[in-house]
Amino acid sequence: MANIVSDVICTFCGTLCDDLEIELSDDGRKIKEVYHACAIGAEKFLHSQAEDRITRPRMQDDDGNWTEVSYEEAAKYTAKILCDAKKPLMYGWSSTSCEAQSVGHEIAEAVGGMVDNTATVCHGSSLIAVQDVGIPSCTLGEAMNRADRVVFWGCNPAHAHPRHMSRYSVYPRGFFTGKGSKSRKVVVVDPRKTDTASLADAHLQLEQGRDYELLSAFRVAFRGEKLPDFVAGIPKDQIYEAADLLKSGRFVIIYFGMGVTQSLGKNHNIDIAIGLTRDLNDYTKAAIMPMRGHYNVTGSGEVLGWQFGFPFCVDLSRGVARYNPGETSSNDLLIRDEVDAVFVLGSDPGAHFPISSVKKIAQLPSVAIDPHLTPTTAVCKLHVPVAFVGVEVGGCCYRMDNVPIESRKVVDPPEGMLTDQEFLTMVLGEVRKNKGV
Amino acid sequence: MTKITLNLLTGRTIQQGATMEGGKEKKAYTKACAIIEMTPEDMKRLNVWKNTNVRVSNEFGSVTVKAVVADQGLHPGDAYMPMGPWSNMVVDPNTYSTGMPTFKGTPIEIEVAINEPIYDSQELVRRACGLKV
Ligand code: SF4
């Protein structure tokens, strides 16, 4: 009989699908097949089995030659660069469990680090907006059972959250949405005719970067006031029509993504999107939700939130927690040469930060803790490979709607490999020794 | 040589996501991400066949990638690159006090660069950082 593990959690994107089935070899040591996951999720599980995987920490010299070191040496080096630094940047945290994050924060507190997660290049603008104006939101379960009007604004789940539409937003049959996709009208707002847009009942292909104007126009249209002939390149009739479509729904859910958070306007684009959601509640019920990317970026915000009071960009260098995005955010710190060591865990700034920031990382004492080979590990002095969370070790993760889900271990990591939580605990021990506490 | 100016958007594609999980050092990742998508009109303006190497540059940097026709329709004048080290050679790092670099809406210039190599992710970043390759 096939050796199948069911109800496995996919730890790739913020959809955190919890219905995967994984077929193991008879001895339970190898993953043979992944069922129900999307292409990205399946690749994640299968790649963890790669023969050429790096399984021991390595340090590189000035000529780019790598030497294998032990986890103990790696922990000592990591603790030393963090303790020697005046203001180390401790970045990433979004591809690991809440338990590991918590140990990382203890280290950060001891060394006076700057703790920032991937929201800084993702939904950081949304977090700022939520602090400014609040957010009327809901869970994906509520959206699935109730929402009959679905808006995707500046997001493309067909590519970024491939099973979001089939599990929660468009296709599933819910309690009040018994006919599945037939019970819902979908509106997509995106400057590209994305694969998500091609499934929509209405696509507003606005000019890139003019979301704020179009969002304002919707608020005008809800009130039945006059609009100019075109807003953001969209004819006014199309805006009135889409506004009526939303008002006529019983429950509107607006999902938004990088199209609004990364274009100019940034947090202000989200302010007004939340304002629009508030307005809609005068006519019907409406909620709004950010499409969070990494599987546990939401959890990183939660853990930082309950430990220090802020969801990202936390400055612990003064002995109290401070927060000021624009100043205490990773890219600003790197560009202004304000940090003197870089620690990266569960993220790849080498690939996903502007190159000017990556150049700064390459010049500093640096460590990258990541199961994969990445552009970050290519420029850091020390690379510490660890077990995959959600594949080789379990742990708590938060879905994009702030629902915590316990991820599961499916197979053992390669012989002798540590989990990130175990490695961080070693580093914490070394830090305490260095500091004499 | 023809040079055209476009507005660059960057973001996720499913190929980018899947090949990234398959290993960023692998060829498939370079193939999925070291590209720039344009409209057929802009390809014509640039006088370029699809799958030709082009140099994308602006005040922030420069990178060589393959020109392809966008399979998810763009406005003429817009170009799209999958998120990753190639697009990040030219995105606008300014955060305007929000912490968020301007990943969407960066003006770029494109010109044909048939003889320039396309580096894999590791080599690209190491070269840009002045490290030995
Ligand atoms: S949608 Fe996201 S969580 Fe679900 S299987 Fe795909 S990558 Fe994994």
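Data block above holds the structure.
Analysis parameters
- Residues numbered from 1 in each chain as written.
- Chains lettered and ligands numbered in written order.
- Predicted model: local features only at pLDDT ≥ 70, side-chain atom pairs only at ≥ 80, totals over all residues.
- Heavy atoms only, no water.
- Helix = DSSP H or I, 4+ residues; strand = E, 2+ residues; numbered from the N terminus.
- Rg over C-alpha atoms; globule rule 2.2 N^0.38 Å.
- Buried < 20%, exposed > 50% of the residue type's maximum accessible area, 1.4 Å probe, protein only.
- Axes fitted to C-alpha atoms, helices over the stretch in contact; angles between N-to-C directions.
- Parallel < 35°, antiparallel > 145°, perpendicular 65-115°, else oblique.
- Left-handed = near helix turned anticlockwise from the far one by under 90°.
- Contact = heavy atoms within 4.5 Å.
- Salt bridge = Lys/Arg side-chain N within 4 Å of Asp/Glu carboxyl O.
- Near = heavy atom within 4 Å.
- 1 Å grid on protein atoms, 1.4 Å probe; cavity = no way out; pocket = protein on both sides within 12 Å on 5 of 7 lines; lining within 4 Å.
- Sits in = over half its atoms within 2 Å of the grid points.

1. Comments concerning the overall build of chain A
- Within chain A, the secondary structure is distributed over 17 helices and 21 strands.
- The globule rule puts the C-alpha radius of gyration for 437 residues at 22 Å, and the 23 Å found for chain A is close to it.
- Principal axes of the C-alpha set define a box for chain A whose edges measure 65 × 60 × 35 Å.
- Per-residue burial for chain A yields a buried fraction of 63% across its 437 residues.

2. Some words on the packing of helix 8 (residues 211-222) of chain A against helix 9 (residues 236-247) of chain A
Residue and element names in this part refer to chain A.
- At a minimum axis distance of 9 Å, the contact between helix 8 and helix 9 shows a crossing angle of 65°. Overall, the two elements helix 8 and helix 9 adopt an arrangement that is roughly perpendicular. Seen from above, helix 8 lies across helix 9 with right-handed handedness. Packed against helix 8, whose contacting residues are L214, A217, F218, A221 and F222, the element helix 9 presents I239, Y240, A242, A243, L246 and K247 at the interface.

3. Describing the pattern of salt bridges
All names here are of chain A.
- Under the defined criterion, the tally for this structure stands at 34 salt bridges over all chains.
- The partner of E106 in a salt bridge is R432, with the nearest N and O atoms 2.9 Å apart. Linking E106 in helix 3 (residues 98-111) with R432 in helix 17 (residues 420-435), this pair joins segments that are 326 residues apart in sequence.
- Put simply, R223 and D279 hold a salt bridge, and the shortest N to O gap is 2.9 Å. Here R223, found in the loop between helix 8 and strand 11 (230-231), pairs with D279, found in helix 11 (residues 267-280); they are 56 residues apart in sequence, far enough to count as distant.
- In this structure R223 comes out as partly exposed when scored by relative accessible area, which is 47%.

4. Notes on the site of the ligand
- C10(A), F12(A), C13(A), L16(A), C17(A), A37(A), C38(A), G41(A), P162(A) and R163(A) make up every residue found near the ligand.
- Applying the majority rule of atoms within 2 Å of the grid points places the ligand in the second largest cavity.

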